[in-house]
Amino acid sequence: MRTLLYFRLKDIATARLAQTRLGELAGTPARIGGPWFVQRDNQAVDGLPKTDIGQTTYREEAAIAGLPVGALLAALVIYRYGVPAGMGAGVLAYIGAMMLGAMIGWWIGGLIGVRVVRIGLARQKVQLVEGQFLMVTSCERSSKEQLKRTVNELGAVSIDEHDDLLPNFRWL
């Protein structure tokens, strides 16, 4: 299971140093992803990688929740308005409608989730002053403490963390 860690940095020099140190750690078994950086107004930090919107919002969680909701709604529509033409046709209609409903539910869930910023981050972004920004890193749960220690030594403040349930489920 992967964990997203969020840090508050005070300047670009600290960010570049953190990027170098985390690059060194990435070659070890810790398997660190990132870091990515974002300012208060969601603008990119000069010359540093920008965060993906899924790292700061509930896009993936809402999309996953939309899968069963869409499939269930499609099954209910087929049940209510479907005309039975036989057992085989009915089963195919249910399967096809549920697949289509799940895809539509996933899409709508993602559209809704992208508008909801992670609660801890929203509070921290409001408190950022000019020149400060957020850094997001991804790591395995076992290397979380080592990563926090390394970044805190550079003067960054750890503000939040998020366990990613499906680490390889990302938008294309």
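The structure we're discussing is the one just above.
The model shown is predicted, which means the values in this text are computed figures rather than measured ones.

Peer 1: Can you lay out the overall build of the chain for me, pointing to particular residues and giving the numbers?
Peer 2: Secondary structure summary: the chain contains six helices and four strands in total. Shown N-terminal to C-terminal, the secondary structure of the chain runs as helices and strands in the order β-α-β-α-α-α-α-β-α-β. For 172 residues, the compact-globule estimate of 2.2 N^0.38 gives 16 Å, and the chain exceeds it by more than 25% at 21 Å. If you line up the chain on its principal axes, its C-alpha atoms span 70 × 35 × 25 Å.

Peer 1: Before we move on, can you summarise the nonpolar core with the specific residues and values?
Peer 2: Core analysis: the biggest nonpolar cluster contains 18 residues, and Leu9, Leu22, Phe37, Met135, Leu147 and Val151 have the highest contact counts within it. Looking at which element gives the most residues to this core, the answer is helix 1 (residues 12–26), with four residues. Leave out the neighbours within four places in its chain, and Val151 touches Phe7, Leu22, Met135 and Ala156. Counting eight residues, the second largest nonpolar core, distinct from the first, contains Leu4, Val38, Val136 and Ile159.

Peer 1: Go over the pairing of strand 3 (residues 133–140) with me, naming the residues and quoting the values.
Peer 2: Looking down a regular strand, the side chains alternate between one sheet face and the other. Burial within strand 3 is extensive, with seven of its eight residues counted as buried. Sheet topology places strand 2 (residues 33–38) next to strand 3; four bridges connect them, and they run antiparallel. By the bridge assignment for strand 3, Gly33 is matched with Ser138.

Peer 1: Quick rundown of helix 6 (residues 144–153)? Include the residues and the values.
Peer 2: Here helix 6 has its buried residues at Lys144, Leu147, Lys148, Thr150 and Val151. Taken end-on, helix 6 shows its buried residues confined to a sector of 165°, consistent with a single buried face. Within helix 6, the exposed residues directed more than 90 degrees away from the buried face are Arg149 and Glu153. Positive backbone phi, at 100°, marks Gly155, one or two positions downstream of helix 6.

The rules behind these values
- Residues numbered from 1 in each chain as written.
- Predicted model: local features only at pLDDT ≥ 70, side-chain atom pairs only at ≥ 80, totals over all residues.
- Heavy atoms only, no water.
- Helix = DSSP H or I, 4+ residues; strand = E, 2+ residues; numbered from the N terminus.
- Rg over C-alpha atoms; globule rule 2.2 N^0.38 Å.
- Core = buried A, V, L, I, M, F, W, Y, C linked by side-chain atoms within 4.5 Å.
- Buried < 20%, exposed > 50% of the residue type's maximum accessible area, 1.4 Å probe, protein only.
- Contact = heavy atoms within 4.5 Å.
- Pairing = 2+ DSSP bridges.
- Arc of directions from axis to C-beta.

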